[in-house]
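One letter stands for each residue in the lines below.
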Amino acid sequence: DSAPAGYSNHSPPNGQHVDHGAFPGGRRSPSVTRAISKSVSELSIEEEHGGLAGAGWPNSRASQAPLYSAVKLGKISKKKVVPYALPPAAKASTFAKAASIAGPAANGDLQEAEWPLSLKRFVERSFAACSAKMRPNLEKQLKQIISSAKANKKLLTMDWDARPLPKACNPGVRPAKGVSPLKRTSISADIGGLTDDFDSEERKERRLLRFQKEAEAAKQAAYASSLATMAPMPHTGDVLNWDADTIVGTCTKLEKSYLRLTSAPDPAVVRPLPILRQTLDLLKHKWVETSNYTYICDQLKSLRQDLTVQRITNAFTVEVYEQHARIALETNDLGEYNQCQTQLKQLYAMGLPGHAMEFFAYRILYFLYTRNKSDINMALAAMTPTDKQDAAVRHALEVRHAMATGNYFRYFQLYASAPNMGGYLMDNFANRERCSALQKMCKAYRPRLSLVFISQTLAFDTTDECAKFLSSLNIPVLVDGVQPAVDMKAALPCAVAAIQKYEKVDIKGQIY
């Protein structure tokens, strides 16, 4: 690889210092800097006092400044540009330089004579217009450009004279006012950062995003046009947010298993509203007859799904969720109850008819179970005087007051007289309150206390149930007297230890 006249491939003698900052490229890329041509670009740049800018190459301003800066040095001649004829020594060096930049992927089996002259001029213009600081980035960009052109068989057919320079040649530099830069063949040619390859992954990703935006715009336009020609919506009072995507089912099967949707719903397997009404009546009778919760829950979830995909929002929707919530409470399925309760809160907020106060009372009891004080305070703040007059709500508020004041006697009276399905909710934290009450009773009553009295106070149905509960807490029942009794002093440590397992409650309200 021979160097141009006046330059040597060897180090300077006697350890002399070389100012690499004045030489384009410096020590970073000797193979590139040796072959920089006097031709800065295809533009004929004339100095104001005549002569070619950069005559003192390589230390002239024209050979080291970016392209736009070089244009500022003089006037742009509108005469026809004659391509610069490279000297024989420079031609060999230019081929070696381009081959070293492009690497084996671009070089391949091409010989020097097969390299297009326009490609060599493109490389020369690029290095002439690039600053020394950006030269490593330029080498990376040129390698990607030439390698991609070779891989796509465009190395010999591409118009390299018209191709814009890589971005490393003019990073962040704007053309002078009134001066137009070389016209780019693509609008996105300068949006590559350090990768100017039209087949790079970055370019492909940007094209994909552009196509997605166009597809979304086309979809919105089609949706807007469909609104004008949309047929009258069926069940006007049942579907509150009807649009072109709303479906109406055609399935007539009363029973259908629940399957989670993985694609758009098919109207052929969705039951319309009249069929869904018949399905709910059937499920009510089956629950009374068989009480098979696994089957009933699956059917009710399928029914709710058909309501959702058809966007049916009416009094029947409220009834379905209320029935499912009550059955879930009866079987102590708090997870399913929570889902129904959440939907019911939204449906009641829409003004749909239902048993809003009944489920508001359930919500208060559930907050007491989970010890969610913040939600309890929010619920109390949103109550109206009319809400407080409801019997179920008044009962839930009294339960809250009894728990807040530690009045276990009043609490178990309310537990035994809970209206609606409130007793099922209170079952979940009755034993917790019994342990707390038993701890207070062990401190208040000495030395013994009758098992009958404990059973009645803690709202057990029978004394056998009470004895079994005390036995689970490792509290012995003494039967040496006339009536079975409990040694309250000995029972105190057991009662204190028993309350510890109720300290944490998970998000569904289950104790762990």
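Since we're looking at a predicted model, the values are computed, not measured.

Q: Sorry, what's going on with the overall build of the protein here?
A: Within the protein, the secondary structure is distributed over 21 helices and four strands. When burial is assessed residue by residue, the protein has 41% of its 512 residues classed as buried. A fraction of 63% describes how many contacts in the protein between residues 6 or more apart in sequence connect residues 24 or more apart. Approximately 28500 Å² of the protein is accessible, and the part contributed by carbon and sulfur atoms is 55%.

Q: What should I look at first to understand the packing of aromatic side chains in this one?
A: The geometry of two aromatic rings is summed up by the distance between their centres and the angle between their planes. One pass over the structure, following the stated rule, counts eleven aromatic pairs. Ring geometry for Tyr411 against Phe412: centres 5.0 Å apart, planes inclined by 85°, an arrangement best described as edge-to-face. The pair Tyr411 / Phe412 is uniform in exposure class, with both members buried. Members of the aromatic cluster, joined through ring pairs, are Tyr337, Tyr366, Tyr369, Tyr411, Phe412, Tyr415 and Phe429.

Q: Just checking my understanding: could you explain helix α7 (residues 135-151) for this structure?
A: Residues separated by three or four positions in an α-helix point in the same direction, a consequence of the helix having 3.6 residues per turn. If you check α7, its first and last C-alpha atoms are 24 Å apart, about what 17 residues at 1.5 Å a residue would give, namely 24 Å. Residues of α7 that are buried include every one of Arg135, Asn137, Leu138, Gln141, Leu142, Ile145, Ile146, Ser147, Ser148 and Ala149, and no others. Following α7 by one or two positions, Lys153 has its phi on the positive side, about 60°.

Q: Please explain helix α20 (residues 463-472) as it appears in this structure.
A: Buried within α20 are the following residues: Cys466, Phe469 and Leu470. The buried side chains of α20 occupy one side of the element, clustering within an arc of 95° when seen end-on. In α20, the exposed positions angled more than 90 degrees off the buried face are occupied by Asp464, Lys468 and Ser472. Elements that come into contact with the buried residues of α20 comprise α18 (422-444), α19 (451-457) and β4 (485-487). Just downstream of α20, Asn474 is the residue with a positive phi angle, here 65°.

Q: Would you explain the pattern of salt bridges in this entry?
A: Following the criterion strictly, the structure yields ten salt bridges and no others. The salt bridge partner of Lys286 is Glu255, with a shortest N-O separation of 2.9 Å. Of this pair, Lys286 sits in helix α9 (residues 273-290) while Glu255 sits in the loop between α8 (201-228) and α9, placing them 31 residues apart in sequence. Here Lys286 falls in the partly exposed class, since its relative accessible area comes to 25%.

Q: Looking at this structure, I do not really get the environment of Ser374. What am I missing?
A: Mapped onto the elements of the fold, Ser374 is located in helix α14 (residues 373-381). Overall, Ser374 belongs to the partly exposed group, its relative accessible area being 45%. Polar contacts involving the side chain of Ser374 include one to the side chain of Asn372, which spans 3.0 Å.

Q: Whenever I open this one, the nonpolar core confuses me. Can you help?
A: Grouped burial of nonpolar side chains is what soluble globular proteins tend to show. Counting 79 residues, the largest nonpolar core has Leu303, Phe316, Tyr337, Phe412, Leu425, Ile454 and Leu470 as the members making the most contacts within it. Ranked by the residues each element gives to this core, the list is headed by helix α13 (residues 356-370), at ten residues. Aside from chain neighbours lying at most four places away, what touches Phe316 is Leu273, Leu276, Arg277, Leu280, Leu303 and Leu307. Judged by nonpolar contacts, the second largest core, of 18 residues, contains Val123, Leu138, Met158 and Ala168.

Q: I tried to follow unusual backbone geometry on my own but got confused; where do I start?
A: In most cases, non-glycine residues show a negative phi, while peptide bonds are predominantly trans. Cis peptide bonds are those with omega within 30 degrees of zero, and the linkage from Arg446 to Pro447 qualifies with -5°. Phi is positive for Arg311, which is not a glycine, with a value near 60°. Here Ala459, not a glycine, exhibits a phi torsion of approximately 60°, which is positive. Tracing the backbone through its elements, the reader meets Ala459 in the loop between α19 and α20.

Q: Where do I start with the environment of Glu503 in this structure?
A: Tracing the chain through its elements places Glu503 in the segment after α21 (488-498). The class for Glu503 is partly exposed, based on a relative accessible area of 45%. In sequence terms Glu503 and Arg371 are 132 residues apart; their C-alpha atoms lie 9.9 Å from each other.

Q: How should the state of the cysteines be read in this particular structure?
A: By definition, a disulfide links the sulfur atoms of two cysteines through a covalent bond. Taken as a whole and judged by the stated rule, the model has zero disulfides. Here Cys494 is not disulfide-linked; the sulfur of Cys442 is the nearest cysteine sulfur, at 8.6 Å.

About the cut-offs
Residues numbered from 1 in each chain as written. Predicted model: local features only at pLDDT ≥ 70, side-chain atom pairs only at ≥ 80, totals over all residues. Heavy atoms only, no water. Helix = DSSP H or I, 4+ residues; strand = E, 2+ residues; numbered from the N terminus. Buried < 20%, exposed > 50% of the residue type's maximum accessible area, 1.4 Å probe, protein only. Contact = heavy atoms within 4.5 Å. Areas by Shrake-Rupley, 256 points an atom, 1.4 Å probe, with all protein chains shown as cover. Phe/Tyr/Trp six-rings, centres within 6.5 Å; stacked < 30°, edge-to-face > 60°. Expected span 1.5 Å × (residues − 1). Arc of directions from axis to C-beta. Salt bridge = Lys/Arg side-chain N within 4 Å of Asp/Glu carboxyl O. Polar contact = N/O pair within 3.5 Å; in protein donor to acceptor, adjacent residues only side chain to side chain. Core = buried A, V, L, I, M, F, W, Y, C linked by side-chain atoms within 4.5 Å. Disulfide = S-S within 2.5 Å.

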